[in-house]
Amino acid sequence: RKEVEQDPGPFNVPEGATVAFNCTYSNSASQSFFWYRQDCRKEPKLLMSVYSSGNEDGRFTAQLNRASQYISLLIRDSKLSDSATYLCAVNESMGAQKLVFGQGTRLTINP
Amino acid sequence: EAGVTQFPSHSVIEKGQTVTLRCDPISGHDNLYWYRRVMGKEIKFLLHFVKESKQDESGMPNNRFLAERTGGTYSTLKVQPAELEDSGVYFCASSLDGGRQYFGPGTRLTVT
C-alpha cells in the first residue's frame, strides 16, 4: 500500500463547478499535511497547509480527518486557471521534514 | 527575492556517464532538500541538508548518488555511473526553519 494515495483522476469539469479531491495516508503518526499545485513541467507550489480545524483560502477549502486518515481539498467556482495537477503531501513525523507525496490528480477546467 | 534555482534545466546523458546537478537555495535558507520524480510515479524524497550536514539521507536510492553541500550554500547531486532508471525530474527545495518548502524548477534528466 502506498504511503499517500490520491484519487487517480483525471478530473474534467466545467468552469464554475465545484470539485473535490481526497487523499489518504497510511501513517497515523503523520504530523503535517499540505496541498501543492503543479502546472505542466513546472515545480510544485504550496497551495495550502491543512489544519485539524479545517481552513479556507478564498475558493479553496482544506479539511483533515485524522480518525479516517484523509485530507480533502474543495475548489468552488472553478476557473480555467485552476487547471493543474494537485498533489497532497504529508510530513510523517515530528522533527522529520521529508515530504511524502501522493501521485497527484490532474484537473482540467473546461470553458 | 530570488527563488530556488537549479542547473541544468535538462540533461541528456548515456548510460554509464556521470552527471552533476546543482541547486542554489533561497538565500539564508539552511534547509535544503532533494526530491525525484520518475515517470509515472510520485515525487520521492532523496535527502535533507541542514547547512552542510546531511540530516536525513534515507531516500537515496544507492551509492551511485552522492550529494554534497560544502559551505552550506549551494548543493550538488552527482550520479555516477548513471543508469536508465535514473531518468526523471530532480527537484530541489529549501526552507528557512524547516517549515514551508519552496521548490526549484527541477532538472529533467534523461539517461539513454
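Residues numbered from 1 in each chain as written. Chains lettered and ligands numbered in written order. Predicted model: local features only at pLDDT ≥ 70, side-chain atom pairs only at ≥ 80, totals over all residues. Heavy atoms only, no water.

Points about the state of the cysteines
Joining two cysteines, a disulfide is a covalent bond between their sulfur atoms. This structure, assessed with the given rule, holds two disulfides over all chains. Covalent S-S linkage joins A:Cys23 and A:Cys88, the inter-sulfur distance amounting to 1.8 Å. Disulfide A:Cys23-A:Cys88: torsion about the S-S bond near 60 degrees, hence right-handed. Of the two residues, A:Cys23 sits in strand E3 (residues 19–25) while A:Cys88 sits in strand E9 (residues 84–91), which places them 65 residues apart along the sequence. Side by side, A:Cys23 and A:Cys88 carry an identical accessibility label, which is buried. Here B:Cys23 engages in a disulfide with B:Cys92; their sulfurs sit 1.8 Å apart. Residues B:Cys23 and B:Cys92 are joined by a disulfide whose S-S torsion is about -65 degrees; by sign, that bridge is left-handed. Remark: B:Cys92 occurs in strand E9 (residues 88–95) and B:Cys23 occurs in strand E3 (residues 19–24); sequence separation between them is 69 residues. Like B:Cys92, B:Cys23 is buried. A:Cys40 forms no disulfide, and the closest cysteine sulfur to it belongs to A:Cys88, at a distance of 20 Å. (Disulfide = S-S within 2.5 Å. Helix = DSSP H or I, 4+ residues; strand = E, 2+ residues; numbered from the N terminus. Buried < 20%, exposed > 50% of the residue type's maximum accessible area, 1.4 Å probe, protein only.)

Let's talk about the nonpolar core
Ranked by internal contacts, the top residues of the largest apolar core, which has 23 residues, are A:Phe21, A:Trp35, A:Ile71, A:Leu73, A:Ile75, A:Tyr86 and A:Leu107. Listing elements by their share of this core, those giving two or more residues are E3, strand E4 (32–38), strand E5 (44–50), strand E7 (60–65), strand E8 (70–75), E9 and strand E11 (105–110) of chain A. A:Ile71 has contacts with A:Phe21, A:Asn22, A:Cys23, A:Phe33, A:Phe34, A:Trp35, A:Val50, A:Gln63, A:Leu64 and A:Cys88, leaving out every residue within four places of it along the chain. The next biggest cluster of nonpolar side chains, apart from the first, holds 21 residues, and it includes B:Phe65, B:Tyr90, B:Cys92 and B:Val111. (Core = buried A, V, L, I, M, F, W, Y, C linked by side-chain atoms within 4.5 Å. Contact = heavy atoms within 4.5 Å.)

Regarding the sheet that holds strand E7 (residues 65–68) of chain B
Residue and element names in this part refer to chain B. Spatial ordering of the open sheet is given by E1-E3-E8-E7, a layout of four strands whose pairing is antiparallel. Since the sheet does not close on itself, it has two edges, and those belong to strand E1 (5–7) and E7, each with one partner. When strand polarity is set aside, the average angle formed by the axes of neighbouring strands in this sheet is 15 degrees. The pairing of E7 with strand E8 (residues 75–79) spans four bridges and is classified as antiparallel. When the sheet's bridge partners are listed, Ala67 is paired in E8 with Leu77. (Pairing = 2+ DSSP bridges. Axes fitted to C-alpha atoms, helices over the stretch in contact; angles between N-to-C directions.)

Here we look at the environment of A:Tyr86
All names here are of chain A. With respect to the helices and strands, the residue Tyr86 is situated in strand E9. C-alpha separation for the pair Tyr86 and Leu107, spaced 21 residues apart in sequence, amounts to 7.4 Å. If we skip the residues at most four places from it in the chain, Tyr86 touches Gln6, Phe21, Trp35, Tyr36, Arg37, Leu47, Leu73, Ile75, Gly104, Thr105 and Leu107. A polar contact is formed between the side chain of Tyr86 and the backbone oxygen of Asp82, at a distance of 2.6 Å. (Polar contact = N/O pair within 3.5 Å; in protein donor to acceptor, adjacent residues only side chain to side chain.)

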